[in-house]
Structure formats: C-alpha cells, structure tokens
Amino acid sequence: MSLWEYANPVRFLNLSARVLPVFWGLAVACLIVGLIWGFFFTPDDFRQGSTVKIIYLHVPSAMMAINAWVMMLVASLIWLVRRHHVSALAAKAAAPVGVVMTLIALFTGAIWGQPMWGTWWAWDPRLTSFLILFLFYLGYIALWEAIEDPDTAADLTSVLCLVGSVFAVLSRYAVNFWNQGLHQGASLSLDKEENVADVFYIPLLVCIAGFVLLFIALVLYRTGTEIRLRRTRALQAREGRA
Amino acid sequence: MVLEVRDLSVERGGIPVLTGLSFDLAAGQALILRGPNGAGKTTLLRTLAGLQPALCGEISGTQETIAYSGHSDGLKAMLTVAENLTFWAEVFGQKGIDRAMKAYALEPLAERLAGTLSAGQKRRLGLARLLVTARPIWMLDEPTVSLDTQAVAQFAQAAQAHLMSGGAALIATHIDLGLEAQVLDVAPYRARLDAKAGASDEAFL
Amino acid sequence: MKALLIRDLKLAFRAGGGFGLGLAFFLIVTVLVPFGVGPQSELLARIASGILWLGALLACLLSLDRLLALDWEDGTLDLLATSPLPLEAALSTKALAHWLTTGLPLVLASPVLGILLNLPGAGYFWLVISLLLGTPALSVIGIFGAALTVGVKRGGLLLSLLVLPLYVPTLIFGAEAARRGAAELDPTTPLLMLAGITAGTIAVMPFASAAALRVNLR
C-alpha cells in the first residue's frame, strides 16, 4: 500500500472523512490552550508590555503563510509530474487559506507595529516580502478562477506556482538589498524568535502546532469540496452526452 | 504507409470523443472524414496534428510532415497577400510562392492587404499556404467553407496534384470534391460514456 | 525565426500595430507625475529615476495583452505550433520583437523625459544603461504572462495581476541602479544583479512560456 493510493479521489475522501474530526479537534484544542495560555498566563514583556502577546497570532500565521505556498509548490510539482488530480485540487484549496494567513500576519503585524514603532506600516524587508507574497497568492487564485477547463487551469496555475516561487525568492533578496540600499542599517529589527524568552516560547509552540493542524484540517476539508465539485462536473458532462 | 493510426482515442475538454480509431494513409492517398457536427472530426485532426495529446493509442508518421489547416487561416490583416504567403514559406524553410499564387489565382491580389479580402479570397490564401509548406501530409478541417464553385475546383485540382506527386491528405468535409478517396465515417467510433476510455476526470466517478 | 521577427516588426509599424503607443503612454505618465507630487525641482530630481523606471515598466505592460492574443485569435499560433519552428524559439523571437518596438524606444526616449523631471546630470548615463539591461527582462517575463492568459477572454487585467509581481526584482534592481547613478554612488552591484536577472529570464522563461502556451493550445 503506497502513499499514492490516496491520490485516488474516492479513497482520499474516505480517508479524510476519517481523519478530519481528529485534526479539527486537535487544532481547536491546541489553539484554545495556546492562546489562553499565551494571553493570560504569561508575564508582560519588560520592554514591550502586553503588546507582545500578539506574537501568538502573528508568528504562527506568518509561518503558515509561507508554508502554504511551499505546500502549493510541492502539490503543483506532483500534479505536473504524476498527474494526480487530488494534488492539483489540494494546491487550489490551500491558496485561499494561505491568503488569509498572509492577511492575518500583515494585520497583526500592523497592530503590533503601531505601539512599538509608532507606525502601522514600514517598508521593512520582511513586511514588504509579505505584501509581495500576498500579490502572488492573488494572481494564483485569479488564474484558477479565470480558466474554465479544470485540467488546463491546473496545468497553468502549476506553471505559475513554479515560476512564481523562483521570483518570490528573488524578490525577497531584492527587497533586502533595496531597503538596506535606501537607509543604511535599518533601526527596526523584526527578528523576534531570537529574543523570545522561554516563558513565551512554549505557548508559542502550542499555538504554532494549532495553526499547522488548523491549516491541514482546512485544506483537507476544502480539497474534499473541490473533489466533489469535480465529481459533479464529471457526472454532468456525461449526463449531457448520454 | 506515411501515416499510421492504431487504436486511437481522442478527447475534448477532458471527455473522450472518439475511441478505437485505426487507419492507414499511403502516399498518394486521400481520406475524407465524415460525421455529423460535433462528432469529433476537428478534435481528431488537432490530435493528429500534435496540437493536443491523444488519450491513448499510437500515431506514427506525423513528425514534421503535417500541414494543418483549421477553421482560421492565420492571416494578418495588415500584411499583403504576398507577404502573408512569403512569411509561411520562410517559417517552413521554403522559397518561392509563385506556384501557390498561381494554383489559387491569387496573382491579381498579390499586393492587396489580406484584411481587405473577401471571406472566400481569404480562404483561398489560407489554402495556398499549404502549398508553400512543402509538407507531405495535409490535414484540412472544412477547407471549402465560403469557397465558390470555381475555387472549390481550384482546391480539388491542387489536392489532386498534391496526391499525384506522392503527398497524402486527410480532409474533413461534407462536399464531394471529386477526388478519388476513401471515406471514413467517424460516427461509429463515438466514445461510449461508460467505457473506461482514460478520460482525465474518470477518477472522480 | 528571422521571418517571424520581420513579420512582427512590420505588423507593429503598420497602421493599428500600436507602435508608439507605449512611448506616448510613457510621456503622459512622466508629464502627470509632477501634477501629482508638485513642481519642486529637488523633489522631482530625487524621484526622477524611479518614476522613469516605473513609467517604462507600465508602458511595457500596456502592449503585452495584444502580444499573443492577436495571433491566437486568427489561428496563427496553431499553425506556428505545427511548423518546424519550436514554440520556445517562436516566443523568444516575439519577445525580441516586443522589446525592439516597445522597450528600445523607451530606453532611447528616457533621457528626454529625464530633463522634464530634473534628473541630475550624473543620472542620465546610468538610467539609460539600467533600462537597456532591464527592459529585455520585462519583455521576456511579459510574454510568459501573455502565454498564461492567452485563452482568457479579456485577460488584460489578469495579465497585469500575474506579471506585475514578477516584475518586482527587475524594478528594484533597475531603479536602484539608476537612483545610485543619479546620486553619484556606485551602481555596479544592482547593475550586475539586473544583468543577472535579465540573462536568467532570457535563458529560462521561454521554456515556461512555451509550456504554458502548449497547454492553452490543446
């Protein structure tokens, strides 16, 4: 029994029906525990006060924003090489989730940045990269929506995802270069992970686990929806010609 | 045999249209495709021309030998008749468009912009393109649309000459061209829906 | 390939081919900017190189959706795909034609428009060099977007949405090189990066474009 067995849509649906409740349950549990622990049972930071607590939303969502794109890239490659429909549909299903994660990261970042830096937005390399990532997501989703034939759409979006990934990485370096080029030695450092103390660290890990599980559950659920849509379409196409 | 097709299935929009097609085409032979609208003649020709992948089956002999002509002629309105033809001749690595101009009586129109031609004249120019490609196998999708009787005769004559010189042709048409040709009715090959023909979306059923 | 290049150039120069539209658009953008930001010379001098780069990029974008769509509509792409010319070569040639009719005129016009925006004297040379190095990448990346959206009716807006994020690295390095040149700093690093991106895209993008076009043709 190989992993590819689950590339069959029907088998995938059966499996995901069995594991979905588990993922939903674990995701909700982790998020409740992590967020409550993080918000109410950790001390205020001596420099940043209580604003630091937004880290429990900001960091996990930012991580998932990038991971979702990586997952889409892998799924696109699998579709292009092995032509498993579930893979293409999973990439399609992950994109809106990735967009929401990116938006959460951007908004919580702005809310955090306001009291810390005195501004909602700065053209810091990291912030800018996320904005660009957001644009890539929008283009990817728009292309899926624009093309009627599902296989053509899957092929084209996969190619876009591949090319987009290369350009996203290029943009990341370009943006780094660009901002240093503008004002030497930016005063705002966003490297949080290094200066996070242990008290904050464990609930953060729980929250990250919660976001990962939530992402998996959402993608499984949405992929199931996409599979059923394709099934409806396949049946209708045959009905029309019978 | 210049073209061999074995057990071919073709699809449109992820759904099989024709299955189990097998035929041969020898040098000097023509094959007329017939069948009602929507039977899959265009899809078959596009598949054979390599524009879309076959669902299953084998096609051999189509490597760099096909001159395809579809519903549109690939003409540029802002180029003259001669320029349009010369362009395609050069793309196919050929020189000289005189023979093609003559075969379809296009000489008087040589300096006209293609955009100012009538539909029938455009079609003649599109068919003349086949002659400048110097490819042995013609694959034509409804070549006589909007042609008058005289132009149809010109086409039949050009096709006859092509066959005589060792070429082959696969033509989807409803008109009797007066060519000596086999006829292939595609209707019996219509794909059955319950068949496991290898359609892209079968996995979802 | 030569035949295709000549044909595309001819088509661009004849009536309705759209040659010069990009240039006119570039001029209008440049004229409108001072209305938007105010006529102060120092301010304009500081943003001139960036504005000119942005204007060139948008002018390039403007002509992209006709690049393949016209050949798609009249069946030329089907016939090209069955011709001895590989699609990769055909698309590279079309990108070259696009650059010659859109990118190159923009490069040549940029110093004149630089005067309108008070570009400092040291900036002209580097502006032209950076545009010369960067605009080919804009054409090559653009044709990828055009190949993706060729089957979409009214794909112009979608094309912009897909292509603009891909333009980010080129814009950043190109505008940075021009800006450094204008500020009498050393523009070597961004210029090298820009040249690298252009070389890389010219080498690789035609394959992605041809793959996308093949999917659309089927």
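This text gives an overview of the structure that appears in the document.

Calculation rules
Residues numbered from 1 in each chain as written. Chains lettered and ligands numbered in written order. Predicted model: local features only at pLDDT ≥ 70, side-chain atom pairs only at ≥ 80, totals over all residues. Heavy atoms only, no water. Contact = heavy atoms within 4.5 Å. Buried area = accessible area lost by both parts, 1.4 Å probe. Salt bridge = Lys/Arg side-chain N within 4 Å of Asp/Glu carboxyl O. Polar contact = N/O pair within 3.5 Å; in protein donor to acceptor, adjacent residues only side chain to side chain. Helix = DSSP H or I, 4+ residues; strand = E, 2+ residues; numbered from the N terminus. Nonpolar A, V, L, I, M, F, W, Y, C, P; charged D, E, K, R; others polar. Expected span 1.5 Å × (residues − 1). Axes fitted to C-alpha atoms, helices over the stretch in contact; angles between N-to-C directions. Parallel < 35°, antiparallel > 145°, perpendicular 65-115°, else oblique. Left-handed = near helix turned anticlockwise from the far one by under 90°. Buried < 20%, exposed > 50% of the residue type's maximum accessible area, 1.4 Å probe, protein only.

Let's shift gears to the interface of chain C and chain B. Each partner contributes to the interface: chain C provides 22 residues, whereas chain B provides 25 residues. Together chain C and chain B conceal approximately 2,100 Å² of surface at their shared face, both sides included; 64% is due to carbon and sulfur atoms. Area buried by chain C at its contact with chain B is led by Leu79(C), Thr82(C) and Pro84(C), which between them contribute 29% of it. Along the contact surface separating chain C from chain B lie 5 salt bridges. Counting across the chain C and chain B interface gives 9 residue pairs in polar contact (both at pLDDT 80 or more). Elements with a contribution of two residues or more to the side of chain C that touches chain B: helix H1 (2–13), helix H4 (64–73) and helix H5 (76–81) of chain C. Tallied by class, the residues present in the side of chain C that touches chain B amount to 10 nonpolar, 4 polar and 8 charged.

Take helix H2 (residues 55–82) of chain A next. Given a rise of 1.5 Å per residue, 28 residues ought to cover 40 Å, and the 39 Å separating the end C-alpha atoms of H2(A) matches this to within 8%. Just downstream of H2(A) lies Arg83(A), where phi reads positive at about 55 degrees.

It is worth spelling out the interface of chain C and chain A at this point. Facing 27 residues of chain C, the contacting portion of chain A comprises 27 residues. Between chain C and chain A lies a buried interface of about 2,200 Å² when both sides are counted; carbon and sulfur atoms form 84% of it. The interface formed by chain C and chain A includes 1 salt bridge. Counting across the chain C and chain A interface gives 1 residue pair in polar contact (both at pLDDT 80 or more). Those elements giving two or more residues to the side of chain C that touches chain A turn out to be helix H7 (123–149), helix H8 (156–182) and helix H9 (188–217) of chain C. Considering each element in turn, the side of chain C that touches chain A owes the most residues, 12 residues, to H8(C).

Right, let's get into the packing of H7(C) against H9(C). Residue and element names in this part refer to chain C. Look at H7 against H9: their axes get within 7 Å of each other, and the N-to-C directions meet at 15 degrees. The orientation of H7 relative to H9 falls into the category roughly parallel. The handedness of the crossing between H7 and H9 comes out as left-handed. Residues belonging to the contact of H7 with H9 are distributed by class as follows: 20 nonpolar, 7 polar and no charged.

Position of Pro165(C) among the secondary structure elements: in helix H8. On the basis of relative accessibility, which here comes to 4%, the residue Pro165(C) falls in the buried class. Apart from the residues within four sequence positions on either side, Pro165(C) is in contact with Leu135(A), Phe136(A), Ser171(A) and Ser160(C).

Don't take any of this as a statement about function, it's just geometry.
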